Amino acid sequence: MSSFLRPHAYSPLPPTSSTTARRRPRWLGVAICATALTILLVWAARHFLFGAPPYSPLLNYQHLDPPPLVPTTTSQSTRAVVSTLYSDSYAIGAAVLAYSLRLANTTADHLLLAYIPGRISEEALCIVRAAGWTPTPVAFIPPPHGGRGIYYRFFDQYTKLNIWGLPASIAVYLDADTLVRRNFDELFDMPWTFGAVPDVYNDKRGFTVGFNAGVMVFRPDENVLRVMKSKLEEAQYPPEQAEQAFLNLFFAGSAVRLPYAYNANLAIKRASPALWAAMEEEMRVVHYTLVKPFVDERDRSGKLLRDNERLMHILGEAERAEGGLFKDEVWWWRETYEAMRISEVGDKVDSCRKAAALAM
């Protein structure tokens, strides 16, 4: 009897093979669940922290019948610099751009400014004409799919495609919010059909392969314009950036990438001040993407700015933006504007304003 009362006298029997066999599936299930949970967590982290990879017209390529890489015909070269004007509010910017082209001694045969009749006042047309542009009426090209998903500022931008119908054999396109710093005549000798500068964003996209449509070298061709217009509805691309996204898809495999000096987007300075400083001495065109020295973007009226004091206020705001990051670049625009004001161009602009005031 005492033998049953001894402490630790009982030793459990070792588990049988059948007991072990019954436990193994439970641990296997735990391992499978843990693996699945890990995969789910990794996917969620990639999706919510990093998001989907940025859209690329090369990875999502569609063949939209672009023109040949090199033009097939060689004709007498007519050189043009072209721009667009969609509202009166950009007329002063376009005038200063034309004056900067004069200071850079461009050899272009024509300065052609495409505009939509009925959208631009006679006063604004008079001002840009005084600065050297030849206003050229073009038809409005509506955005595809009824404009769904397009940023409101870009609703008119598909009209830019009309520059392919302008009378020139080779042309350099400049947005009205650019300023020419140095002569770029070498672009007129480019042998390829289309060239532009890679775009820059101040987000995770950074320096991209896609190009910015604010400065382009192209060969006007009515047939190319006809093809472009026929492809607008079938082309598939993110709609937010309107014609720029379309052009990146249209010329995805054939666009020649030009150096950043030909489209010195202010986003470059924010992203890489060292790169900006290094290319400053060879900078051809500055693109005022992040600040506009001549227009208050909070004002959506599109009206022509007539008050010089108001313009000086806008310039001051632009100089102080982002802690004065773009003060030097805004000063370049101010300097060109002031030079234009005291020239014969300035006298002509004043005459345009006086005539408009009398007509009211």
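Further up the page is the structure itself.
Notes on the structure follow.

Cut-offs and rules
- Residues numbered from 1 in each chain as written.
- Predicted model: local features only at pLDDT ≥ 70, side-chain atom pairs only at ≥ 80, totals over all residues.
- Heavy atoms only, no water.
- Helix = DSSP H or I, 4+ residues; strand = E, 2+ residues; numbered from the N terminus.
- Buried < 20%, exposed > 50% of the residue type's maximum accessible area, 1.4 Å probe, protein only.
- Contact = heavy atoms within 4.5 Å.
- Areas by Shrake-Rupley, 256 points an atom, 1.4 Å probe, with all protein chains shown as cover.
- Polar contact = N/O pair within 3.5 Å; in protein donor to acceptor, adjacent residues only side chain to side chain.
- Pairing = 2+ DSSP bridges.
- Axes fitted to C-alpha atoms, helices over the stretch in contact; angles between N-to-C directions.
- Patch = residues over 30% accessible without salt bridge, like charges linked within 9 Å, V, L, I, M, F, W, Y side chains within 5 Å.
- Salt bridge = Lys/Arg side-chain N within 4 Å of Asp/Glu carboxyl O.
- Phe/Tyr/Trp six-rings, centres within 6.5 Å; stacked < 30°, edge-to-face > 60°.
- Lys NZ or Arg CZ within 6 Å of the ring centre and 35° of its normal.
- Core = buried A, V, L, I, M, F, W, Y, C linked by side-chain atoms within 4.5 Å.
- Right-handed = clockwise from strand over helix to strand, strands pointing away.

1. What to know about the overall build of the protein chain
A count of helical and extended segments in the protein chain gives ten helices and ten strands. For the protein chain, with 360 residues in total, the buried portion stands at 47%. Counted over contacts in the protein chain with a minimum sequence separation of 6, partners at least 24 positions apart contribute 75%. When the accessible surface of the protein chain is split by element, carbon and sulfur atoms take 58% of a total near 19200 Å².

2. Here's the deal with the side chain of Lys-160
Mapped onto the secondary structure, Lys-160 falls in the loop between strand S3 (134-137) and strand S4 (170-174). Within polar-contact distance, the side chain of Lys-160 engages the side chain of Glu-243 at 2.9 Å. Once you skip the residues sitting within four places of it in the chain, Lys-160 turns out to touch Thr-84, Tyr-86, Tyr-173, Asp-175, Ala-213, Met-216 and Glu-243.

3. Some points on the sheet that holds S4
Taken in spatial order, the seven strands line up as S3-S2-S1-S4-S7-S6-S8 in an open sheet, and their pairing is mixed. The sheet terminates laterally at S3 and strand S8 (256-257), the two strands that pair on one side only. Here strand S6 (residues 194-200) pairs with S8 via two bridges, running parallel. Of the residues in S8, the one forming a bridge with Ala-196 is Arg-257. Taken strand by strand, helix H3 (residues 122-131) contacts strand S1 (79-85), strand S2 (110-115) and S3, and its axis lies near 135° from that of S3. Packing of helix H5 (residues 242-250) onto the sheet brings it into contact with S6 and strand S7 (207-218), and relative to S7 it is tilted by some 100°.

4. Looking at the side chain of Asn-248
Assignment of secondary structure puts Asn-248 in helix H5. At 2.8 Å, the side chain of Asn-248 forms a polar contact with the backbone nitrogen of Phe-211. With sequence-adjacent residues up to four places away left out, Asn-248 is seen in contact with Pro-57, Gly-210 and Phe-211.

5. Re a nonpolar patch on the surface
On the surface, a nonpolar cluster with roughly 260 Å² of combined accessible area is contributed by Leu-69, Val-70 and Trp-192. As for its position among the elements, Trp-192 is in the loop between strand S5 (178-180) and S6. When its relative accessible area of 35% is taken as the criterion, Trp-192 is described as partly exposed.

6. Looking at the packing of aromatic side chains
Aromatic ring pairs are reported here in terms of the distance separating the ring centres and the angle at which the planes meet. Per the stated rule, a full pass over the model turns up 14 aromatic pairs. For the pair Phe-250 and Phe-251, a centre-to-centre distance of 5.0 Å together with 80° between the ring planes defines the contact as edge-to-face. Both residues of the pair, Phe-250 and Phe-251, count as buried. Here Arg-181 stacks its cationic end above the ring of Trp-332, 4.0 Å away from the centre of that ring.

7. Quick notes on H5
In terms of burial, H5 is a largely internal element, nine of the nine residues being buried. What H5 keeps buried is the set Ala-242, Glu-243, Gln-244, Ala-245, Phe-246, Leu-247, Asn-248, Leu-249 and Phe-250. On its buried side, H5 packs onto S6, S7 and helix H4 (222-231).

8. With respect to the pattern of salt bridges
The full count for this structure, using the stated rule, is 19 salt bridges. Lys-231 is paired through a salt bridge with Asp-65; the nearest N and O atoms lie 3.3 Å apart. Taken together, the positions of Lys-231 in helix H4 and Asp-65 in the loop between helix H1 (17-50) and S1 put the pair 166 residues apart, joining distant regions of the chain. You can call Lys-231 buried: its relative accessible area is 13%. Asp-65 sits in the partly exposed class, given a relative accessible area of 39%.

9. A short note on the nonpolar core
Ranked by internal contacts, the top residues of the largest apolar core, which has 69 residues, are Val-81, Leu-101, Trp-133, Leu-174, Phe-184, Trp-276 and Trp-333. Here the element with the most residues in this core is helix H2 (residues 91-103); it accounts for nine residues. With near-sequence residues (within four places) excluded, Trp-333 lies in contact with Ile-92, Gly-93, Val-96, Leu-179, Tyr-288, Pro-293, Phe-294 and Leu-315.

10. Thoughts on the pairing of S1
Burial analysis of S1 places seven of its seven residues in the buried class, which makes it a mostly covered element. Of the two faces of S1, the one carrying Arg-79, Val-81, Ser-83 and Leu-85 and the one carrying Ala-80, Val-82 and Thr-84 are both buried. Bridge analysis of S1 against S4 gives four bridges, and the strand direction is parallel. Bridge pairing in S4 links Ala-80 to Ala-171. The β-α-β motif built from S1, the intervening H2 and the parallel element S2 has right-handed crossover chirality.

11. Side note on the pairing of S6
When a strand is regular, its side chains alternate between the sheet's two faces. Within S6, seven of the seven residues are buried, leaving the element largely enclosed by the surrounding structure. Once S6 ends, the chain turns through six residues before running back antiparallel as S7, passing Gly-206 with a positive phi of about 60°.

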